[in-house]
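Now for the letters of each chain:
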Protein chains: 8
Amino acid sequence: MHLNVYLAGEIHTDWREQIMSGAKDLAITFTGPVTDHAASDDCGVAILGQEEKKFWHDHKGAKLNAIRTRKALAEADVVVVRFGDKYRQWNAAFDAGYAAALGKSIIVLHGADHQHALKEVDAAALAVAETPEQVVSLLRYTLHGTLP
Amino acid sequence: MHLNVYLAGEIHTDWREQIMSGAKDLAITFTGPVTDHAASDDCGVAILGQEEKKFWHDHKGAKLNAIRTRKALAEADVVVVRFGDKYRQWNAAFDAGYAAALGKSIIVLHGADHQHALKEVDAAALAVAETPEQVVSLLRYTLHGTLP
Amino acid sequence: MHLNVYLAGEIHTDWREQIMSGAKDLAITFTGPVTDHAASDDCGVAILGQEEKKFWHDHKGAKLNAIRTRKALAEADVVVVRFGDKYRQWNAAFDAGYAAALGKSIIVLHGADHQHALKEVDAAALAVAETPEQVVSLLRYTLHGTLP
Amino acid sequence: MHLNVYLAGEIHTDWREQIMSGAKDLAITFTGPVTDHAASDDCGVAILGQEEKKFWHDHKGAKLNAIRTRKALAEADVVVVRFGDKYRQWNAAFDAGYAAALGKSIIVLHGADHQHALKEVDAAALAVAETPEQVVSLLRYTLHGTLP
Amino acid sequence: MHLNVYLAGEIHTDWREQIMSGAKDLAITFTGPVTDHAASDDCGVAILGQEEKKFWHDHKGAKLNAIRTRKALAEADVVVVRFGDKYRQWNAAFDAGYAAALGKSIIVLHGADHQHALKEVDAAALAVAETPEQVVSLLRYTLHGTLP
Amino acid sequence: MHLNVYLAGEIHTDWREQIMSGAKDLAITFTGPVTDHAASDDCGVAILGQEEKKFWHDHKGAKLNAIRTRKALAEADVVVVRFGDKYRQWNAAFDAGYAAALGKSIIVLHGADHQHALKEVDAAALAVAETPEQVVSLLRYTLHGTLP
Amino acid sequence: MHLNVYLAGEIHTDWREQIMSGAKDLAITFTGPVTDHAASDDCGVAILGQEEKKFWHDHKGAKLNAIRTRKALAEADVVVVRFGDKYRQWNAAFDAGYAAALGKSIIVLHGADHQHALKEVDAAALAVAETPEQVVSLLRYTLHGTLP
Amino acid sequence: MHLNVYLAGEIHTDWREQIMSGAKDLAITFTGPVTDHAASDDCGVAILGQEEKKFWHDHKGAKLNAIRTRKALAEADVVVVRFGDKYRQWNAAFDAGYAAALGKSIIVLHGADHQHALKEVDAAALAVAETPEQVVSLLRYTLHGTLP
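Chain A is annotated in an unreviewed UniProt entry as YtoQ family protein from Roseinatronobacter bogoriensis subsp. barguzinensis.

Visitor: Got a minute to help me understand the relation of the copies chain E and chain H in this structure?
Guide: Two copies of the chain are present, and they differ by a rotation about an axis and a shift along that axis. Of the transformation placing chain E onto chain H, the axial shift is 0.0 Å and the rotation is 180°, giving an RMSD of 0.0 Å. Given the turn and translation reported, the copies of this chain are related as if by a two-fold rotation axis. When C-alpha positions in chain E are compared against the rotation axis, the closest is assigned to Trp56 of chain E, at 4.2 Å.

Visitor: Please explain the interface of chain E and chain H as it appears in this structure.
Guide: Interfaces are often described in size by the accessible area the parts lose on coming together. Taken together, the contacts link eight residues of chain E with eight residues of chain H. For the pair chain E and chain H, the summed buried surface comes to about 600 Å²; carbon and sulfur atoms form 47% of the total. A per-residue breakdown of the area chain E buries against chain H is headed by Glu51, Lys53 and Trp56 of chain E, which together make up 62% of the total. Our count for the contact surface shared by chain E and chain H stands at two salt bridges. A salt bridge links Lys53 of chain H to Glu51 of chain E; its shortest N-O distance comes to 3.1 Å. Applying the counting criterion to the chain E and chain H interface returns eight residue pairs in polar contact (both at pLDDT 80 or more). The residue makeup of the side of chain E that touches chain H, split by class, is one nonpolar, two polar and five charged.

Visitor: Can you walk me through the interface of chain B and chain A in this structure?
Guide: Counting from both sides, the interface comprises 34 residues of chain B and, opposite them, 34 residues of chain A. Between chain B and chain A lies a buried interface of about 3,200 Å² when both sides are counted; carbon and sulfur atoms form 66% of it. Three residues stand out in chain B for area buried against chain A, namely Arg88, Trp90 and Phe94 of chain B, and they jointly supply 24% of the buried area on that side. Where chain B packs against chain A, one counts two salt bridges. The closest approach of N and O atoms between Asp41 of chain A and Lys119 of chain B, which form a salt bridge, is 3.3 Å. Scanning the region where chain B abuts chain A turns up 14 residue pairs in polar contact (both at pLDDT 80 or more). Of all the secondary structure elements, the ones that give two or more residues to the side of chain B that touches chain A are helix H3 (54-75), helix H4 (90-101) and helix H5 (119-123) of chain B. Among the elements that make up the side of chain B that touches chain A, the one with the highest residue count is H4 of chain B (nine residues).

Visitor: Explanation requested: the relation of the copies chain B and chain A in the structure shown.
Guide: Overlaying chain B with chain A gives an RMSD of 0.0 Å, the required rotation being 180° about an axis along which the chain moves by 0.0 Å. Here 100% of the contact residues of chain B are again contact residues in chain A; the copies associate through an equivalent surface.

Visitor: So what exactly am I meant to see when it comes to the arrangement of the chains here?
Guide: When C-alpha atoms are compared, chain D and chain E, though not in contact, are closest at a spacing of 8 Å. Chain A makes no contact with chain G; the smallest distance between any of their C-alpha atoms is 18 Å.

Visitor: I'm lost on unusual backbone geometry in this one. Help?
Guide: Phi is mostly negative for residues that are not glycine, and the peptide bonds are mostly trans. Here the phi dihedral of Gln89 of chain A falls at roughly 60°; this positive angle occurs in a residue that is not glycine. Mapped onto the elements of the fold, Gln89 of chain A is located in the loop between strand S3 (78-82) and helix H4 (90-101).

Visitor: What's the story with the packing of aromatic side chains in this structure? I'm lost.
Guide: The geometry of an aromatic ring pair comes down to the distance between the two centres and the angle between the two planes. The final tally for this structure, using the stated rule, is 28 aromatic pairs over all chains. Ring centres of Trp90 of chain A and Phe83 of chain B lie 4.9 Å apart, and the angle between their planes is 55°; this geometry places the pair in the tilted category. Highlighted residues: Trp90 of chain A in helix H4 and Phe83 of chain B in the loop between strand S3 (78-82) and H4, drawn from two different chains. Of the two residues examined, Trp90 of chain A and Phe83 of chain B, each falls in the buried class.

Visitor: Explain the pairing of strand S1 (residues 3-9) of chain D here, please?
Guide: Walk down a regular strand and you will see the side chains alternate between the two sheet faces. Residues and elements named next belong to chain D. Of all seven residues that make up S1, six are buried, and the element is covered over most of its length. Pairing geometry for S1 and strand S2 (residues 28-31), over four bridges, is parallel. Note that in S2 the partner of Leu3 across the bridge is Ile28. As a crossover connection, the stretch from S1 through helix H1 (residues 15-22) into S2 is right-handed. As defined by bridge partners, S1 adjoins strand S3 (residues 78-82) across five bridges and the pair is classed as parallel. Paired with Gly9 across the bridge in S3 is Arg82.

Visitor: What's the story with the sheet that holds strand S3 (residues 78-82) of chain G in this structure? I'm lost.
Guide: Within a sheet, neighbouring strands are paired by backbone hydrogen bonds and run either parallel or antiparallel to one another. All names here are of chain G. Strand order in the open sheet formed by five strands is S2-S1-S3-S4-S5, with parallel pairing between adjacent strands. Only two strands of the sheet have a single neighbouring strand rather than two, namely strand S2 (28-31) and strand S5 (127-129). When the angles between neighbouring strand axes are averaged without regard to direction, this sheet yields 20°. Across five bridges, the pairing between S3 and strand S4 (residues 105-109) is parallel. The residue of S4 that forms the bridge with Val79 is Ile106.

Visitor: Explanation requested: the side chain of Asp122 of chain A in the structure shown.
Guide: Position of Asp122 of chain A among the secondary structure elements: in helix H5 (residues 119-123). Nearest to the buried, unbridged Asp122 of chain A among oppositely charged side chains is Lys63 of chain D, at 9.6 Å. Setting aside anything within four residues of it in sequence, one finds Asp122 of chain A in contact with Val108, His110, Gln115 and Val128 of chain A together with Phe55 and His59 of chain B.

Visitor: Whenever I open this one, the packing of H4 of chain A against H4 of chain B confuses me. Can you help?
Guide: For any two helices packed against each other, the geometry is given by the interaxial angle and the distance between the axes. One way to put it is that H4 of chain A packs onto H4 of chain B with a least axis distance of 6 Å and a crossing angle of 40°. Classified by the interaxial angle, the pair formed by H4 of chain A and H4 of chain B is oblique. Judged by the sense of rotation from one axis to the other, the crossing of H4 of chain A with H4 of chain B is right-handed. In this structure, H4 of chain A contributes Trp90, Ala93, Phe94, Ala96, Gly97, Tyr98, Ala100 and Ala101 of chain A to the contact, and H4 of chain B contributes Trp90, Ala93, Phe94, Ala96, Gly97, Tyr98, Ala100 and Ala101 of chain B. The class makeup of the residues in the contact of H4 of chain A with H4 of chain B is 14 nonpolar, two polar and no charged.

What counts as what
Residues numbered from 1 in each chain as written. Chains lettered and ligands numbered in written order. Predicted model: local features only at pLDDT ≥ 70, side-chain atom pairs only at ≥ 80, totals over all residues. Heavy atoms only, no water. Least-squares fit on C-alpha atoms with pLDDT ≥ 70 in both. Contact = heavy atoms within 4.5 Å. Buried area = accessible area lost by both parts, 1.4 Å probe. Salt bridge = Lys/Arg side-chain N within 4 Å of Asp/Glu carboxyl O. Polar contact = N/O pair within 3.5 Å; in protein donor to acceptor, adjacent residues only side chain to side chain. Nonpolar A, V, L, I, M, F, W, Y, C, P; charged D, E, K, R; others polar. Helix = DSSP H or I, 4+ residues; strand = E, 2+ residues; numbered from the N terminus. Phe/Tyr/Trp six-rings, centres within 6.5 Å; stacked < 30°, edge-to-face > 60°. Buried < 20%, exposed > 50% of the residue type's maximum accessible area, 1.4 Å probe, protein only. Pairing = 2+ DSSP bridges. Right-handed = clockwise from strand over helix to strand, strands pointing away. Axes fitted to C-alpha atoms, helices over the stretch in contact; angles between N-to-C directions. Lys, Arg positive; Asp, Glu negative; His and termini not counted. Parallel < 35°, antiparallel > 145°, perpendicular 65-115°, else oblique. Left-handed = near helix turned anticlockwise from the far one by under 90°.

Now the structure itself:
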């Protein structure tokens, strides 16, 4: 068995690297959004031309990013959604809802303090983890049936 | 033409009433989540029995609420998602993502200050409004082709 | 909002009547399998001709019953699956799996003694109830947002 | 032609090994659930933390196991469902229903004594076998058109 | 419960009338193809203009008839396919295959002499009847659970 | 049988009225885009605020119009696409492609001079008509099996 | 580009070999049903045990064959359906209908004498050929854009 | 990540070569229609026999070309649709609508002069480019997150 795992959400800590490093012996292809914050924000206007209004600046970028994220979400078997401590992170919740409607297996990764605010997201998940190590263990168990 | 419109998101202001009132002459069936905050939080344990852990308390409630929201979202032609000023509102973004993956027509309703943080949600929408009056005008135009 | 609710599973107690009676003021259309055990077992051969082998006797009946159950399951918003104390009830679990793959909202109704054996079924459900009264309360909350 | 075959159901006899051994010259990728009974029961709490209530202990495990089984069922061309002599085996019937709704080709494997209780499951199948050898012959015929 | 039943196949005997007459007390909406053989053959050129080649004459008619049959097949819960004694009736088998791929419940109606030639069609059906009276009984049982 | 018929394409002649008038005795619900050219062009900025760039002016309008057209196309049984003599009419061809991918029955309505340029669109259609009267006859035949 | 091509229908002449031989330089994977007539008829009882009634003998065989044909049809890009001169060939028309409902590209291969009887099948096809050589040319053009 | 990109539309300039050349270091499989104009127009009659009427000449060709384009569109992750200066190009808009209904990520490539006429097509796209170089940059960013 081989898994496609999409790593959605927070882009300001190294949680993706921790999971990929911990799972490097597993038959998993990891995908994720562009994590270069500046490039992700400006990609639309950088390629397709400047906009005076910030709304359209953002709009062109968000749509361009959607080419990548939709493709990766559609091909994912498992979607891990990470909620961190900073920013609104509505795009993380949006990806979780998108994945839920596609019937993907969802793992949510967040600290205990977000538990109540994320209850609808957690209710759509097959696992709720607090650490990247737990996510690695979940993936390892899924593929090999072995416990930590 | 008749529209099913789901009103997702914020439950602490009267935006739903404003829209329903403004659109009361239109052939629209409005649905939405349970907006009694206390009932929505406690419904799971109130019906199915208490839980010691807050996580499971929330989990039972969130799942029960999903029976209603999934049904209404699945039957909606248009999903209006309102982001207000308070709380994390991850469930609003989750509903938006869910609606997007189902191919629903999405109208986002939020103030200018949330524009950057909501760019991925806005990019999946067919209209971004700032006031309930605009939403009513959008629905009226959709049904009758008339402008304000 | 109007709900189509399919009542699957056990046919030897009056749980269906209890739910329908308790929910008779709600905007719900209830459906279910043929609950006349003898008719359900013999329908195939009674209409289409006798079989010497019990396997084909059962086969013709089970397929005929599937015309009704597939139609009702496909149109259901909510599927309530009841596991009682007698018989193998594999058809109840089959219906639950069928409903899960169709993305239906599932409510499982069973006693505490079956909890471990039904853990996979419960994990696919949005609510696990122990009494018909609880099911009525779940449906009432879904439609009206009111708690018992 | 290459087949993906999911082996669902009983985990206490060596029927999977018999089928895989008999079919080892065929272009088949076999998948199945985690068959280590203890690991399968405890995986949720072992990775994500203990629960006091047995229900949630089981719930966390059943959901985690669903990541693997949903993926494998979704990719299967053929689902073989084995019903043995012990336990309730509702998860086997659940998997059969899930596979049926996905339109998978189903082979049921059970002894003659379960024939009446499994008539709904058998009615959804393309073949009903009594021995692992028969399943191997069915798969061999499917791929090569050769009879035993 | 209400059923949409599409009556496909032979257009030269009164089997449709027999079924509709026998089922006239049931909550069933019956649909079927245009059964005026001449109109059905010539409709394309009669409305859209003559063709010199018989192939395009037939082609225009067959496509026009498909507007009706696809709509009715798509909305049917049950598709009854009748094979009579005359003509090739490839369109009946085509409709059966079309219905099977859509997951419709299929009832095949044919005499014993066609049994071997129709085995693939029968294998995709939930019931194989020999008389219109049996079809009526199957529909009555499906709706009311009563046997003849 | 009742038909939902979407009338797509040209908005500068009275072909829609001719069809609706000719079919007024038939069980058909007709839908179509907003045919007030000025309103259709300006709806986005009229409701949601002015744009300096013509591109975004058009963009907001086209997206708003999509709420109506997607809903009506999704619910249509038959899509009639009219190509007239003026303008580029790429939106008509876009609607035809959209309808084709949804599996809708398509009737194309155009003059003989456009035949070569529309060959890909015609190839996806079940009928190619030259006059509104022919479209009425096609719809009448579909519903009643009667020829002109 | 690589094509999966399913060769359905007649099993008594060498048309499959002619196509596969003519197309052996093309990037095509050909599949088809079991063409050993005796094995195809008897496979069910040979593996799963004898039946006294011919109906069930055929039924078990037809269902077993469906495991192979459904898999191959589902994965096909193009379905070629050959109608020959002998037998009823209802299974060929059934496969054509099945492929049509799945949205497959269909090529029908038959002599001019069957043209009227096959008009519904031809109307669902993207090409109607009379010889295997034409089918090879169609496939070669599809892949390479070259004409004979 | 690997992308399948379908290049639809204009066949009279070298825009496809420019994109493929610029993106030759990227993990992309490009597909497109047959771009030999004469072969594309005549393929139907060249292989399947002459037609007297130009309509059927075109019809046979357009259907044959659809085998290739449907396959490639169905497998595409991204569909680039180019509108040039010559011809009606209704097939380009048809492909865009087809791709939109399938949920594909669409990039439209056209000059500023077509902006108003293409507003409905642009509204369904995730990016609107004016040059092949921009398309290459969009694809490069999608795969690697790097800006020009």
